[in-house]
Amino acid sequence: MLNKEANPIFLVGMMGAGKSTVGRCLAERLGMDFVDLDEELERRCGVSIPFIFREEGEEGFRRRESALIEEFTRAKGLVVATGGGAVTQEKNRTLLKNAPIFTVHLKVSAEQCYRRTKNSDRPLLQCENPLEKITLLLESRNPLYGEVASLTVDTDGKASKRVAEELNQTLINLQVIK
Ligand SMILES: Nc1ncnc2c1ncn2[C@@H]1O[C@H](COP(=O)(O)OP(=O)(O)OP(=O)(O)O)[C@@H](O)[C@H]1O
Ligand SMILES: O=C(O)C1=C[C@@H](O)[C@@H](O)[C@H](O)C1
Ligand SMILES: [Mg+2]
């Protein structure tokens, strides 16, 4: 009950880190609601993310994503899964660092990321060499995930349920939630 009033928990990290999967499971354990910002954006626009990328480019997608991040940093009682590129925008990083929220970085290696995303339609990975692209994205993004997060959780070699269980326990130990 108390957790419905708690500050939101934001999950950041690379595509395939498990933000959507772990976030849903964590919210259930904590008795909080769950919002996936990619899904919320698709629901509100009535079209898919690949469609938004095609019509408006990455820039248009980032503008819409930023507006949602701003909105949900003001919410209560939520676990929020962000999109993998949320930290690429300075405006978002400022919010993720300064808003009354608790931000967790779900960390994934390039190899695991590749395995978890290889048959998906994620626009940034529709290229000749997705593993190389993932490696480059991780090089530039990992410092940014680290910059905004108060806690980093390694997900390689752990089932998503186990990541959620561990994170739940850590959040209790840190008294982030009751
Ligand atoms: N710890 C894990 N172990 C194995 N598979 C996982 C793990 N976490 C997630 N997955 C799987 O990887 C795929 C991608 O996970 P998910 O969609 O949760 O990633 P995400 O971080 O939300 O990515 P995006 O940034 O693109 O939204 C899903 O098929 C999911 O079942
Ligand atoms: O890592 C990224 O930049 C992205 C990740 C996905 O969650 C989506 O937000 C979109 O495909 C972009
Ligand atoms: Mg996701």
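Since the model is a prediction, treat every value here as computed from it, not as a measurement.

K.L.:
Before we go on, may I ask you to explain the overall build of the chain in this structure?
P.N.:
For the chain, the helix and strand inventory stands at seven helices and five strands. Ordered by position in the sequence, the α and β elements of the chain form the string β-α-β-α-α-β-α-β-α-α-β-α. For 178 residues, the compact-globule estimate of 2.2 N^0.38 gives 16 Å, and the chain sits close to it at 15 Å. For the chain, the spread of C-alpha atoms along the three principal axes comes to 45 × 35 × 25 Å. When each of the 178 residues of the chain is scored for burial, the buried share is 49%. The contacts in the chain between residues at least 6 apart in sequence include a share of 77% that link residues at least 24 apart. Looking at the chain as shown, the accessible area adds up to about 9100 Å², and 46% of this sits on carbon and sulfur atoms. Each charge sign in the chain was given a centre, from 26 positive and 26 negative side chains, and these centres are 3 Å apart.

K.L.:
How should I be thinking about the side chain of arginine 93 in this particular structure?
P.N.:
By the element assignment, arginine 93 lies in helix α4 (residues 90-98). For arginine 93, a relative accessible area of 14% gives the class buried. Among residues more than four places away in sequence, those in contact with arginine 93 are Val87, Thr88, Leu144, Glu147 and Val148.

K.L.:
Whenever I open this one, the layout of surface pockets confuses me. Can you help?
P.N.:
There is about 690 Å³ of room inside the largest pocket. Taken together, 33 residues form the lining of the largest pocket, with Met15, Gly16, Ser20, Asp38 and Arg122 sitting closest to its centre. When residues of the lining of the largest pocket are traced back to their parent elements, those giving at least two are α1 (19-30), α2 (37-45), α3 (49-72) and α7 (160-173). Top element by residues in the lining of the largest pocket is α3. It accounts for six residues.

K.L.:
How should the pattern of salt bridges be read in this particular structure?
P.N.:
Pairing between side chains becomes possible if they bear opposite charge and their charged atoms approach one another. The full count for this structure, using the stated rule, is 14 salt bridges. A salt bridge links glutamate 40 to arginine 43, with the nearest nitrogen and oxygen atoms 2.8 Å apart. With glutamate 40 and arginine 43 both in helix α2 and three residues apart, this pair spans about one turn of that helix. Taking relative accessible area as the criterion, arginine 43 reaches 59% and is therefore assigned exposed. With its nearest N and O atoms 2.9 Å apart, the salt bridge here joins glutamate 58 to arginine 62.

Rules used throughout
- Residues numbered from 1 in each chain as written.
- Chains lettered and ligands numbered in written order.
- Predicted model: local features only at pLDDT ≥ 70, side-chain atom pairs only at ≥ 80, totals over all residues.
- Heavy atoms only, no water.
- Helix = DSSP H or I, 4+ residues; strand = E, 2+ residues; numbered from the N terminus.
- Rg over C-alpha atoms; globule rule 2.2 N^0.38 Å.
- Buried < 20%, exposed > 50% of the residue type's maximum accessible area, 1.4 Å probe, protein only.
- Contact = heavy atoms within 4.5 Å.
- Areas by Shrake-Rupley, 256 points an atom, 1.4 Å probe, with all protein chains shown as cover.
- Lys, Arg positive; Asp, Glu negative; His and termini not counted.
- Charge placed at Lys NZ, Arg CZ, Asp CG, Glu CD.
- 1 Å grid on protein atoms, 1.4 Å probe; cavity = no way out; pocket = protein on both sides within 12 Å on 5 of 7 lines; lining within 4 Å.
- Points joined across faces, edges and corners; volume = space filled by probe spheres on them.
- Salt bridge = Lys/Arg side-chain N within 4 Å of Asp/Glu carboxyl O.

All we've got here are geometric facts, nothing functional implied.
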